[in-house]
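Read off the chains here:
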Amino acid sequence: MRLIATTKCEPGMILAKALYTETGSVLLAKDVELTGSLLKRIKQLGIDTLYIRDKATEDIIIGDPISDETRRVVLHAIYDSFTTLVRSDKKWKARLSPTHVNSFRQAFEGILQDLKTNKNAINLLTNICTYDHYIYAHSMNVAVYSTALGIQQGLNDKELVELGMGAMLHDIGKMLIPSEILHKEDRLTEEEYEVIKRHTEYGFEMLRAQEGISLLSAHCAFQHHEKIDGTGYPRQLKGEEIHKYARLMAVGDVFDALTTHRVYRKAMLPHEAMEILYGGAGKHFESSFVEGFGKTIAIYPIGITVTLNTGETGVVVDYNRHLSSRPIVRIIKNPDGTDVEELYEIDLSKALTAFIVNCESII
Ligand SMILES: [Fe+2]
């Protein structure tokens, strides 16, 4: 399968990976033939890229870091509890029911188990239709990224639960922000931005008194927008004044925001988002966490088309666990642009003089 821009998809192409709704059910199953009207709808939903079947990469299967079932359970837990809170008129005094806390716990166990079983670098987590419901998928993605980084950093299970639960619930305070501000398409005014910033405090107030949720998870909501140089919010904390979980989480939070299509900008590719994270290392983010995150995710997602310095064009077909910036590329075109007679692969972790110079824009 191959990852291509939705704008380059044509009717007749076959979908190689399912698309999901914001609650985790399948919107379009894999193996569906794309039609003109389906493609139009997919574009309307803000989905920039699709995995499609392709002869040269037919045998490539892209493993998801979490199973379809885990995804469904996690999204359902988030969706169900968040929407219940919105309907409550108790503002930040609203609490999750024990059933909701339990379902979060179960959902998180699923993520943890899947990540521990699946030792591969995390490929893109974006095939969810979330144009208007970004918060649900975002909460799940940040939990997956944070937990994977926590595992990479050697956290124990108790710590991973605190971190992961905090990550799933970090933006819960946004449910108290008026929708017209939260979903505003134009630039926010200064006052509106101040209102949005309050989601950190609202979230903390909700979670700190929440039975079954660790106070440290509540601090993830409180501190995830703090930056280590003290320029974040709400309290301008610096360095280790910010709890480790919030410092870990901040990396996955920003990465997910950058690699997701937003109303005001298109999604970045992982290697572009990593550049931004590296740029903020030591200022906004803890350098060792950015470094660790780069080892956790697939910087060049499987299925993406790349050009090498040799002039050859190929498709990324596998990654090297500890060197995800140097994946394995299956060459499909010669330097002169003609198709190769026989496909062959270059492992960039071994062919040290070869490197990626260009990533086909899939947006
Ligand atoms: Fe946030």
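Before any of the text, the structure's been laid out above.
What you see is a predicted model, and the numbers here were worked out from it, not measured in a lab.

Caption draft 1: How the structure looks around the pairing of strand β7 (residues 328-333). Strand direction decides the pairing type here: strand β6 (residues 313-318) and β7, joined by 5 bridges, are antiparallel. Bridging from a neighbouring strand, Thr313 pairs with Lys333 of β7. Pairing analysis gives 5 bridges linking β7 to strand β8 (residues 339-347), with the strands arranged antiparallel. From the neighbouring strand, Val329 faces β8, where its bridge partner is Ile346.

Caption draft 2: Molecular detail of unusual backbone geometry. Geometrically, the link from Tyr233 to Pro234 is a cis peptide bond, its omega value of 10° lying close to zero. Here Pro234 lies in the loop between α9 (215-223) and α10 (244-258). In this structure, Asp31 takes a positive phi of about 80° despite not being glycine. In this structure, Asp31 sits in the loop between β3 (26-28) and α1 (36-44). For Asp31, a count of 11 C-beta atoms within 10 Å translates into the label exposed. Located in the positive-phi region is Gln236, a residue other than glycine, with phi close to 50°. Along the chain, Gln236 turns up in the loop between α9 and α10.

Caption draft 3: The arrangement of the sheet that holds strand β9 (residues 356-359) in detail. Ordered in space as β8-β7-β6-β5-β9, the 5 strands form an open sheet in which the pairing is antiparallel. Each having just a single partner strand, β8 and β9 make up the two edges of the open sheet. With direction set aside, neighbouring strand axes in the sheet form an average angle of 35°.

Caption draft 4: Structural context of the environment of Lys43. Topologically, Lys43 is positioned in helix α1. Considering only alpha carbons, one finds Lys43 and Glu159, 116 residues apart in sequence, at a separation of 40 Å.

Caption draft 5: The arrangement of the nonpolar core in detail. Counting 95 residues, the largest nonpolar core has Ile78, Phe108, Ile111, Met249, Val251 and Leu277 as the members making the most contacts within it. If you tally residues by element for this core, the top one is helix α4 (residues 134-152), at 10 residues. Once you skip the residues sitting within four places of it in the chain, Phe108 turns out to touch Ala143, Val161, Gly164, Met165 and Met168.

Caption draft 6: Region of interest: α4. Helix length check: α4 (19 residues) gives 26 Å between terminal C-alpha atoms against 27 Å at 1.5 Å per residue, within 8%. Judged by how many residues are buried, α4 sits mostly within the fold: 16 of 19 residues are covered. Gly154 sits one or two residues past α4 and shows a positive phi near 80°.

Caption draft 7: Focus on the packing of α10 against helix α11 (residues 270-280). Between α10 and α11, the shortest axis-to-axis distance is 9 Å and the interhelical angle comes to 140°. Relative to α11, the element α10 is oriented oblique. Seen from above, α10 lies across α11 with right-handed handedness. When α10 is examined against α11, the residues Val251, Val254, Phe255 and Leu258 are found in contact with a partner set consisting of Ala273, Ile276 and Leu277. Grouping the amino acids of the contact of α10 with α11 by side-chain chemistry returns 7 nonpolar, no polar and no charged.

Caption draft 8: Layout of the environment of Lys295. Its place among the elements puts Lys295 in helix α12 (residues 287-296). With 50 residues separating them in the primary sequence, Lys295 and Glu345 have C-alpha atoms 22 Å apart. Not counting chain neighbours up to four residues away, the residues in contact with Lys295 comprise Gln152, His322 and Ser324.

Caption draft 9: The packing of helix α3 (residues 98-117) against α4, seen in detail. Two elements in contact, α3 and α4, have axes whose closest approach is 10 Å; the angle formed by their N-to-C orientations is 50°. Judged by the inter-axis angle, α3 sits oblique to α4. For α3 against α4, the interelement crossing comes out right-handed. Along the contact surface, α3 presents Phe108, Ile111, Leu112 and Leu115, while α4 presents Ala143, Val144, Thr147, Ala148 and Ile151. When grouped by side-chain class, the residues that make up the contact of α3 with α4 number 8 nonpolar, 1 polar and no charged.

Conventions and cut-offs
- Residues numbered from 1 in each chain as written.
- Predicted model: local features only at pLDDT ≥ 70, side-chain atom pairs only at ≥ 80, totals over all residues.
- Pairing = 2+ DSSP bridges.
- Helix = DSSP H or I, 4+ residues; strand = E, 2+ residues; numbered from the N terminus.
- Buried ≥ 20, exposed ≤ 12 C-beta atoms within 10 Å, placed from the backbone.
- Axes fitted to C-alpha atoms, helices over the stretch in contact; angles between N-to-C directions.
- Core = buried A, V, L, I, M, F, W, Y, C linked by C-beta atoms within 7 Å.
- Contact = placed C-beta atoms within 7 Å.
- Expected span 1.5 Å × (residues − 1).
- Parallel < 35°, antiparallel > 145°, perpendicular 65-115°, else oblique.
- Left-handed = near helix turned anticlockwise from the far one by under 90°.
- Nonpolar A, V, L, I, M, F, W, Y, C, P; charged D, E, K, R; others polar.

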